Amino acid sequence: MEAFHRLNYLYQAAHCVLAQNPDNVELARFYCHTERTISRRLVLRQDPSVKRTVCKKCCSLLIPGVTATVRQRKCNRRQRLTVVRCLSCGQTKRFRNDPEYQLWVERPEALLQNQPKPGETLCPGTARGSCPKQSSN
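Attention in this report is confined to the structure presented alongside it. These numbers were taken from a predicted model, which means no experiment stands behind them.

This next bit is on the nonpolar core. Nonpolar side chains in soluble globular proteins generally cluster together in the buried interior. By size, the foremost hydrophobic cluster in this structure holds 11 residues: Tyr11, Ala14, Val17, Leu18, Ala28, Cys32, Val50, Val54, Cys59, Leu61 and Ile63. The element contributing the most residues to this core is helix α1 (residues 2-20), with 4 residues. Once residues within four sequence positions are removed from consideration, Tyr11 is found in contact with Glu35, Ser49, Val50, Thr53, Val54 and Leu61. Cys55, Cys58, Val84 and Cys86 belong to the second-largest nonpolar core, a separate cluster that totals 6 residues.

Spelled out as structure tokens, the structure:
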């Protein structure tokens, strides 16, 4: 639990540094890089909202208009993308603009309480993963 507090502190410190002085990108990058190495070393999963705001290539904090550019782009007739480009290294991230889309973390089957127990078998279409008893004649 203490490690999550440390990661949160580093993430907030990076935001504060850029809010006070937008030219101080290197210090914010150092905080984000430290946050990333701690989470990797302790094998902790970061929240998707945090991952979306940190560049994978250079560990910069992606703030629209300060360290990143954000564009809306059509890729198909029906699908739109949000493209975030890091101004430090040029790396791009693409996110779908589909309101129906859910991350796996947000789906009900991702919750631990909905996972089958080690002895249970999975049957498609059942809520808790237990199969109804079949009658034999």
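Turning to the side chain of Arg29, a few remarks are in order. With respect to the helices, strands and loops of the structure, Arg29 is situated in helix α2 (residues 25-41). Of note is the side chain of Arg29, whose polar atom sits 2.9 Å from the side chain of Ser88.

The terminal C-alpha atoms of α2, which comprises 17 residues, lie 24 Å apart, in line with the 24 Å expected from a rise of 1.5 Å per residue. Residues Ala28, Arg29, Cys32, Glu35, Ile38 and Ser39 constitute the buried set of α2. Elements in contact with the buried residues of α2: α1 and α3 (48-52). In the stretch just after α2, Val43 is the one whose phi turns positive, near 50°.

So, how was this worked out
- Residues numbered from 1 in each chain as written.
- Predicted model: local features only at pLDDT ≥ 70, side-chain atom pairs only at ≥ 80, totals over all residues.
- Heavy atoms only, no water.
- Core = buried A, V, L, I, M, F, W, Y, C linked by side-chain atoms within 4.5 Å.
- Buried < 20%, exposed > 50% of the residue type's maximum accessible area, 1.4 Å probe, protein only.
- Helix = DSSP H or I, 4+ residues; strand = E, 2+ residues; numbered from the N terminus.
- Contact = heavy atoms within 4.5 Å.
- Polar contact = N/O pair within 3.5 Å; in protein donor to acceptor, adjacent residues only side chain to side chain.
- Expected span 1.5 Å × (residues − 1).

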